[in-house]
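What the coordinates show
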Amino acid sequence: MQTSTMATQVETGRYARCIEVSKRIRWEIERDVFHGRDFDYRHKFLPDGLSKVGEFTFLTDEEKRLLSQVQGRTYANIFGLVERFINAKVLEISRDHWLGDQTALEALIRFSDEELKHQEMFRRIETMIGAGMPDGYVFTPDPNAVATVVLSKSTWAVLGLTCHIELFTQAHYKQSIEPDAELSELYKDVFLFHWREESQHAILDELEWRREHERLGDEERDRAVDDLIDLVVAVDGILQAQSEADANYFCMIANRVFDAGERDRVRDGLLRAYRWQYILSGVQEPRFSGILCSLINAAQVDRIRNALLTLI
Ligand SMILES: [Fe+2]
Ligand SMILES: [Fe+2]
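Just so it is clear, the model here is predicted, and its values are computed rather than measured.

The rules behind these values
Residues numbered from 1 in each chain as written. Chains lettered and ligands numbered in written order. Predicted model: local features only at pLDDT ≥ 70, side-chain atom pairs only at ≥ 80, totals over all residues. Heavy atoms only, no water. Salt bridge = Lys/Arg side-chain N within 4 Å of Asp/Glu carboxyl O. Helix = DSSP H or I, 4+ residues; strand = E, 2+ residues; numbered from the N terminus. Buried < 20%, exposed > 50% of the residue type's maximum accessible area, 1.4 Å probe, protein only. Expected span 1.5 Å × (residues − 1). Polar contact = N/O pair within 3.5 Å; in protein donor to acceptor, adjacent residues only side chain to side chain. Donors = N, O, S within 2.8 Å, 3.2 Å for Na, K, Ca; no water. Contact = heavy atoms within 4.5 Å. Disulfide = S-S within 2.5 Å. Phe/Tyr/Trp six-rings, centres within 6.5 Å; stacked < 30°, edge-to-face > 60°. Lys NZ or Arg CZ within 6 Å of the ring centre and 35° of its normal. Axes fitted to C-alpha atoms, helices over the stretch in contact; angles between N-to-C directions. Parallel < 35°, antiparallel > 145°, perpendicular 65-115°, else oblique. Left-handed = near helix turned anticlockwise from the far one by under 90°. Nonpolar A, V, L, I, M, F, W, Y, C, P; charged D, E, K, R; others polar.

Quick notes on the pattern of salt bridges
Here the structure, examined in full by the defined rule, presents 34 salt bridges. Between D113 and R26 there is a salt bridge, and its shortest N-O distance comes to 2.8 Å. Of this pair, D113 sits in helix α5 (residues 102-132) while R26 sits in the loop between α1 (3-25) and α2 (29-34), placing them 87 residues apart in sequence. A residue is classified by how much of its surface remains accessible, and D113, at 35% relative accessible area, is partly exposed. One salt-bridge network, held together by shared partners, links E244, R263, D264, R267 and D268.

This is the structure:
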């Protein structure tokens, strides 16, 4: 058998496996996740491993819990945001399979359908938490405006960013959310169900990213690395604006007055936590770094590393 034919069969098998798992674990928002429950504000939302509230040594335990809830609200909104461009890109690349591998096409259509459902779930979460917390919260980025910028970059870079996001989603759940016994039960379940479907997405991201990589010449790949760096810088811009907004909101709703210096400490701590959540935890994820380093050369690794060093 030709090596390329064998490789194609292996790939079709991986797409087929994603379909099989996707069908088996399929869940519905109300029936399986919410079933009449609300978030429990006596508990944290985001676990300490992600919120890094332990580093906010000047806050009381009650304030740390409140800060984890503000961060948890933003965490859900960020997923709703990124899933807008992820779904658009998945639909776009599915075109390559329209008249080709129908198994790959079905896997991507299921991926898209799941991301639409996730966005609906995250919108519903924002509405619920909005009703449960004081007014004044602002989520600064607009999903369509962000998607327009992201989708103007090369497909290689968008798939790289997507693979990064969908792998850190899994790492966050397994390493931080699942083991934390102090979280709101519903908040924890949201990310349990989300993680189950994201596991297939990450496999599909890798398949599609490698497929796109094979299509490109050396110069296109080199420009795509610049695009990926541009996207990470854009993500950081979003995190800077949101950490400012969340610091203002937290200081407004907490039960004491924070002076300007304390407010700045909250903002700086939030920015460090957000950079960990949305950039650095994914970069350190061995599965992501393994895929990335198998696609790029040493000079390109250095360019990415130098860009990341400015965020630490
Ligand atoms: Fe999702
Ligand atoms: Fe996903």
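Points about helix α10 (residues 260-283)
Note on helix geometry: an α-helix contains 3.6 residues per turn, so any two residues three or four positions apart are oriented the same way. In a regular helix each residue adds 1.5 Å, so 24 residues correspond to 34 Å; α10 covers 33 Å between its end C-alpha atoms and thus fits that length. The backbone nitrogen of G261 lies 3.1 Å from a side-chain oxygen of the residue at the head of α10, namely D259.

What about the coordination of the iron ion (ligand 1)?
Ligation of the iron ion (ligand 1) by protein atoms is provided by E83 (OE), E115 (OE), H118 (ND1), H194 (NE2) and E198 (OE), these donors lying 1.9 to 2.3 Å from the ion. Read in sequence order, the donor residues for the iron ion (ligand 1) give the motif E-x31-E-x2-H-x75-H-x3-E. Metal-to-metal, the separation of the iron ion (ligand 1) and the iron ion (ligand 2) is 3.4 Å; E115 coordinates the two. Highlighted residues: E83 in helix α4 (residues 61-94) and E198 in helix α8 (residues 185-215), separated in sequence by 115 residues.

So, the coordination of the iron ion (ligand 2)
Distances from the iron ion (ligand 2) to its protein donors, E115 (OE), E166 (OE), E198 (OE), E198 (OE) and H201 (ND1), fall within 1.9 to 2.3 Å. The sequence pattern formed by the donor residues of the iron ion (ligand 2) is E-x50-E-x31-E-x2-H.

Some words on the side chain of Q119
Mapped onto the secondary structure, Q119 falls in helix α5. Side-chain polar atoms of Q119 contact the backbone oxygen of E83, separated by 3.2 Å.

Looking at the environment of Q71
Relative to the assigned elements, Q71 resides in helix α4. Engagement of the side chain of Q71 in a polar contact is seen with the backbone oxygen of S51, the distance being 3.0 Å.

Some details on the side chain of Q277
Position of Q277 relative to the elements: it lies in helix α10. Of the polar contacts made by the side chain of Q277, one reaches the side chain of Y278; its length is 3.2 Å. Not counting chain neighbours up to four residues away, the residues in contact with Q277 comprise L46, L50, S51, Q71, Y75, F168 and H172.

Quick look at the state of the cysteines
In total, this model carries 0 disulfides according to the counting rule given. With no disulfide partner, C18 has as its closest neighbouring cysteine sulfur the one in C163, 12 Å distant. For the unlinked cysteine C293, the closest cysteine sulfur is that of C163, found at 12 Å.

Some details on helix α7 (residues 155-177)
A rise of 1.5 Å per residue sets the reference length of α7, with its 23 residues, at 33 Å; its end C-alpha atoms lie 31 Å apart and thus fit the reference within 8%. In terms of residue burial, α7 counts as a mostly covered element, since 21 of its 23 residues are buried.

Things to note about the environment of R211
Tracing the chain through its elements places R211 in helix α8. Using a relative accessible area of 23% as the deciding quantity, one classes R211 as partly exposed. Separated by 146 residues in the primary sequence, R211 and R65 place their C-alpha atoms 44 Å from one another. When neighbours within four sequence positions are excluded, R211 is seen to be in contact with Y15, I93, D96 and H97.

Remarks on the packing of aromatic side chains
All told, the structure shown has 21 aromatic pairs when counted by the stated rule. Relative to Y278, the ring of Y75 has its centre 6.1 Å away and its plane inclined at 35 degrees; by these criteria the two rings are tilted. You can see Y75 sitting in helix α4 and its partner Y278 sitting in helix α10, a full 203 residues away along the chain. Y278 matches Y75 in its accessibility class, with the two residues each being buried. Taken together, the ring pairs connect F39, Y41, F45, Y75, F79, F122, F168, Y187, F191, Y274 and Y278 into an aromatic cluster. Its end group placed over the ring of W27, K117 keeps NZ or CZ at 3.7 Å from the ring centre. Here R124 stacks its cationic end above the ring of F34, 4.3 Å away from the centre of that ring.

Details of unusual backbone geometry
Although it is not a glycine, H35 adopts a positive phi angle of roughly 25 degrees. On the secondary structure map, H35 appears in the loop between α2 and α3 (48-51). Residue classification places H35 among the partly exposed residues on the basis of a relative accessible area of 43%. The backbone of K52 sits at a positive phi, close to 55 degrees, despite the residue not being glycine. Note on placement: K52 falls in the loop between α3 and α4.

Some remarks on the packing of helix α9 (residues 218-253) against α10
At a minimum axis distance of 8 Å, the contact between α9 and α10 shows a crossing angle of 140 degrees. Between α9 and α10, the crossing angle belongs to the class labelled oblique. Relative to α10, α9 is oriented so that their crossing is right-handed. Here the residues of the contact of α9 with α10 sort into 12 nonpolar, 4 polar and 6 charged.

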